[in-house]
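Reading the structure
Here are the chains, one letter per residue:
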Amino acid sequence: MGFFSALLGNAGTVSQQELIKDYGKLLTDTEVIELGFKLFRDTFIFTNKRLILVDKQGITGSKTEYKSVSYKSISRFSVETAGTFDLDAELKIWVSSEVQPSIVKTFNKSVNVYEVQKVLAHHVLG
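Residues numbered from 1 in each chain as written. Predicted model: local features only at pLDDT ≥ 70, side-chain atom pairs only at ≥ 80, totals over all residues. Heavy atoms only, no water.

1. A few points about the side chain of Thr 43
Going by this rule: Only DSSP runs of H or I with at least four residues qualify as helices, and only runs of E with at least two residues qualify as strands; both kinds are numbered from the N terminus onward. A 1.4 Å probe rolled over the protein chains alone gives each residue an accessible area, and that area as a share of the maximum for its type sets the label: buried under 20%, exposed over 50%, partly exposed in between. Note on definitions: a residue-residue contact is assigned when non-hydrogen atoms from the two residues lie within 4.5 Å.
Looking at the secondary structure, you find Thr 43 in strand S3 (residues 42-47). Given the relative accessible area of 2%, Thr 43 is considered buried. Apart from residues lying up to four places away in sequence, Thr 43 is in contact with Leu 19, Tyr 23, Phe 37, Lys 38, Ile 52, Leu 53 and Val 54.

Listed below in structure tokens is the structure:
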């Protein structure tokens, strides 16, 4: 857990306890949540086996989509940052051999997109 403990100071990170409480029912018996990031109403959860994207939909956020992506199916990813005064950044993830990115998320300054990219790289390239 040393690699991930360095990231826990990020304002956008979510504690393991909170993630387990809210999303533990999604895990397999041998799966462990390593790190999570909150992005507005959406959440990125990195486990030892996959990436789980939680997408709250609608005005009330009562409808929720849980998207599961195995690390081995991620063929590439990119981070695009804006200029100095625009603090938004965009993360794109391609699954398998798709031409267009399967997942596109925009991050504001509360989440360091480089930290999300680092965790993703650790799992996809490791």
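2. Focus: the nonpolar core
It is characteristic of soluble globular proteins that their nonpolar side chains tend to be buried jointly. Counted only if it meets this: Buried Ala, Val, Leu, Ile, Met, Phe, Trp, Tyr and Cys residues that are joined via side-chain atoms within 4.5 Å together make up what is termed a nonpolar core.
Phe 44 and Phe 46 are the most contacted members of the largest nonpolar core, which has 23 residues in total. Elements with a minimum of two residues in this core: strand S2 (33-39), S3, strand S4 (50-57), strand S6 (74-81), strand S7 (89-95), strand S8 (103-107) and helix H3 (113-125). Broken down by element, this core gets its largest block of residues, 5 residues, from H3. With residues up to four places along the chain from it excluded, the contact list for Phe 46 reads Val 32, Ile 33, Glu 34, Leu 35, Phe 37, Leu 51, Tyr 71, Val 116, Val 119, Leu 120 and His 123. Judged by nonpolar contacts, the second largest core, of 7 residues, contains Val 14, Leu 19, Ile 33 and Ile 45.

3. What about the sheet that holds strand S1 (residues 13-14)?
As a reminder of what qualifies: Strand pairing is defined by DSSP finding a minimum of two bridges between the two strands.
Ordered in space as S1-S2-S3-S4-S5, the 5 strands form an open sheet in which the pairing is antiparallel. Since the sheet does not close on itself, it has two edges, and those belong to S1 and strand S5 (63-70), each with one partner. Across 2 bridges, the pairing between S1 and S2 is antiparallel. Its bridge partner being in S2, Thr 13 is matched across the sheet by Phe 37.

4. Some thoughts on H3
For the record, the criterion: The span you would expect from a helix comes to 1.5 Å times its residue count less one.
Compared with the 18 Å implied by 1.5 Å per residue over 13 residues, the 17 Å span of H3 between its first and last C-alpha is a close match. Every buried residue of H3 is listed here: Val 113, Glu 115, Val 116, Val 119, Leu 120, Ala 121 and His 123.

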